[in-house]
Amino acid sequence: MSVRPYRDIIRRKSRQVMVGDVPVGGDAPISVQSMTNTLTHDVEATMAQIRSLEEAGADIVRVSCPDEESTAALKDIVRQANVPIVADIHFHYKRAIEAAEAGAACLRINPGNIGSADRVREVVRAAKDHGCSMRIGVNAGSLEKHLLEQFGEPCPEAMVQSALEHAKILEDNDFRDFKISVKASDVFLAVAAYQGLAEACDYPLHLGITEAGGLRGGTVKSSIGMGMLLWSGIGDTIRVSLSADPVEEIKVGFEMLKSLDLRHRGVRIVSCPSCARQAFPVIKTVETLEKRLEHISTPMSLSIIGCVVNGPGEARETDIGLTGGGNGNHMVYLSGVTDHKIDDAHIVDHIVELVEQKAAELEAERAKDASVRQAS
Ligand code: SF4
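Residues numbered from 1 in each chain as written. Predicted model: local features only at pLDDT ≥ 70, side-chain atom pairs only at ≥ 80, totals over all residues.

1. Topic: the overall build of the protein chain
Heads up, the rule is: Numbering goes from the N terminus for both helices and strands, where a helix is a DSSP run of H or I of at least four residues and a strand is a run of E of at least two. Residues with at least 20 other C-beta atoms within 10 Å of their own are called buried, those with 12 or fewer are called exposed, and the rest are partly exposed. The C-beta atoms themselves are positioned from the backbone. Remark: residues whose backbone-derived C-beta atoms lie within 7 Å of one another are considered to be in contact.
Looking only at helices and strands, the protein chain has 12 helices and 15 strands in total. Across its three principal directions, the C-alpha atoms of the protein chain cover 75 × 45 × 45 Å. Residues counted as buried form 44% of the 376 residues belonging to the protein chain. At a minimum sequence separation of 6, the contacts of the protein chain that also span at least 24 residues come to 64%.

Shown next, in the form of structure tokens:
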């Protein structure tokens, strides 16, 4: 029995597939992915973006392969990348085979769009030969004609049926190492389609609200749609689609998972909006700290609260806490307990130092636990 049952999320039971060395589905952590927007054949530019995504914590990165030049470059990209690479293929079965041969960990492809049964067989064989999984990616904007005729418009039922039809083609080829997405830019449609699909199969689900918009609008829209699904236990890997730097997609993805306590990475900052009672400039301090603490990947919590109204309460629940106090003297809490005071001028440097120390401590503990586990 959980101590706080209102915080429990019971995840849908899905089968597990591998995207390279990253498990997706089952009891694997929900992975966070993004996609490059460079020309794939420009290996240098693509690798620079993949490195930034890796640094931000991306578990998986997708690159599009619209032409032979791209699949030719894929070999180099796969060799240099530290994360598994998904090749995004539309229609051209040859690109899929080339991508599998080049070492892609997963193919994003809809088998119903490849053409003849022979072509599907060839793609499946290439995937099996090279240990490649697949993602079926249904999109409300490109539903098959027969489904639009049958259902009249893109609707959840049509999207689920499309996904299951593509899945059947792979199953008929004795291939089950795939995950599915049913994306729509309409949040109601996407959520209902994912809910329907979650009921209809046990394949792992890749969540996304497609073409969600710019950084602010897209973040809100994605958080509402994907948040609703994740909260109800649906979703095994996520991609936030933003018309913004792909690194933002990773950051937003992790924030979403952190909010739901599904996964943790880096410093979770609890901060107040500030008001006339603030004893130091909360907004500016938090903005600076967010930047200065970007390099920390160890999960931990930090509260930055302007005054004693909410400061002590929040500090009790966080690893490190700062509460604004009188005469430019602010209270620092460690593990929820009052520890020492700090003056205005040193807040940021001091908190960064404390966070870095705490991260080192936690990492040392984790390494010790891991070596004990290995020895036993
Ligand atoms: S914690 Fe204090 S400073 Fe922050 S918003 Fe509340 S009353 Fe204002």
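2. A look at the pairing of strand 14 (residues 329-334)
Keep this limit in mind: Here, strands pair whenever DSSP counts at least two bridges between them.
Bridge count between strand 13 (residues 320-323) and strand 14: four bridges; the pairing is antiparallel. Within strand 14, the residue paired with Thr323 across the bridge is Met331. In this structure, the hairpin formed by strand 13 and strand 14 is closed by a connection of five residues, where Asn327 is found at a positive phi of approximately 55 degrees. With six bridges connecting them, strand 14 and strand 15 (residues 337-343) associate as antiparallel partners. Bridge pairing in strand 15 links Val332 to His340.

3. As for the UniProt feature "domain: IspG TIM-barrel" (unreviewed entry) in the protein chain
What counts here: UniProt positions are given in the numbering used here, feature names are shortened, and annotations may be inferred rather than shown by experiment.
Using the residue numbers shown here, the UniProt feature "domain: IspG TIM-barrel" (unreviewed entry) corresponds to residues 14-253. Across residues 14-253, helical content stands at 47% and strand content at 17%; the span's end C-alpha atoms are separated by 20 Å.

4. A short note on helix 7 (residues 187-200)
In plain terms, the rule: Here, expected helix span is obtained from the residue count minus one, scaled by 1.5 Å.
In a regular helix each residue adds 1.5 Å, so 14 residues correspond to 20 Å; helix 7 covers 20 Å between its end C-alpha atoms and thus fits that length. Within helix 7, the full set of buried residues consists of Leu189, Ala190, Val191, Ala193, Tyr194, Leu197 and Ala198. Buried residues belonging to helix 7 abut helix 6 (156-172), strand 8 (178-183), strand 9 (206-207) and helix 8 (215-231).

5. Quick notes on the domain arrangement of the protein chain
Rule in force here: Residue ranges for the domains originate in an automatic or database domain assignment.
When its domains are assigned, the protein chain resolves into domain 1 (11-259) and domain 2 (267-375). The C-alpha-based centres of domain 1 and domain 2 are spaced at 37 Å.

6. Here's the deal with the UniProt feature "binding site: [4Fe-4S] cluster" (unreviewed entry) in the protein chain
Taking the UniProt record as the reference, the feature "binding site: [4Fe-4S] cluster" (unreviewed entry) is found at Cys272, Cys275, Cys307 and Glu314. Mapped onto the secondary structure, Cys272 falls in the loop between strand 11 (267-271) and helix 10 (282-292). By C-beta crowding, Cys272 is classed as buried, having 21 other C-beta atoms within 10 Å. Here Cys272 is in contact with Val282, Ile305, Gly306 and Asn310, once residues within four sequence places are set aside. In this fold, Glu314 is placed in helix 11 (residues 311-316).

7. Here's the deal with the sheet that holds strand 8
Short version of the rule: Only C-alpha atoms enter the line fits that serve as axes; for helices the fit covers just the stretch in contact. Angles between N-to-C directions range over 0 to 180 degrees.
Taken in spatial order, the eight strands line up as 8-7-6-5-4-3-10-9 in an open sheet, and their pairing is parallel. Because the sheet does not close on itself, it has two edges, and the strands there are strand 8 and strand 9. Direction of pairing for strand 3 (residues 31-35) relative to strand 4 (residues 60-64): parallel, over a ladder of three bridges. Its bridge partner being in strand 4, Met35 is matched across the sheet by Arg62. Helix-sheet contacts for helix 6 involve strand 7 (133-139) and strand 8, and the interaxial angle to strand 7 is about 155 degrees. Against the sheet, helix 7 contacts strand 8 and strand 9, and its axis sits at roughly 150 degrees relative to strand 8.

8. Some words on the packing of helix 6 against helix 7
Definition in use: The scheme is simple: roughly parallel for angles under 35 degrees, roughly antiparallel for over 145, roughly perpendicular for 65 to 115, oblique for anything else. Left-handed is the label given to a crossing in which the near helix is rotated counterclockwise from the far helix by less than a right angle, and right-handed is the label when the rotation is clockwise. We call Asp, Glu, Lys and Arg charged. Ala, Val, Leu, Ile, Met, Phe, Trp, Tyr, Cys and Pro are nonpolar, and the rest, Gly among them, are polar.
Look at helix 6 against helix 7: their axes get within 8 Å of each other, and the N-to-C directions meet at 45 degrees. Taken together, helix 6 and helix 7 sit at an angle that is classed as oblique. Here helix 6 and helix 7 pass one another in a crossing that is right-handed. Taking contact as the criterion, the partners of Pro156, Glu157, Met159, Val160, Ala163 and Leu164 in helix 6 are, on helix 7, Leu189, Ala192, Ala193, Gly196, Leu197 and Ala200. Taken together, the residues of the contact of helix 6 with helix 7 sort by class into 10 nonpolar, one polar and one charged.

9. A closer look at unusual backbone geometry
Among all residues save glycine, negative phi is the norm, and among peptide bonds the norm is trans. Unusually for a residue other than glycine, Asp174 sits at a positive phi of about 55 degrees. Turning to its location among the elements, Asp174 is positioned in the loop between helix 6 and strand 8. The residue Ser274 is not glycine, and still its phi comes out positive at about 75 degrees. One can find Ser274 in the loop between strand 11 and helix 10. Under the C-beta neighbour-count criterion, Ser274 is labelled buried, with 20 such atoms within 10 Å.

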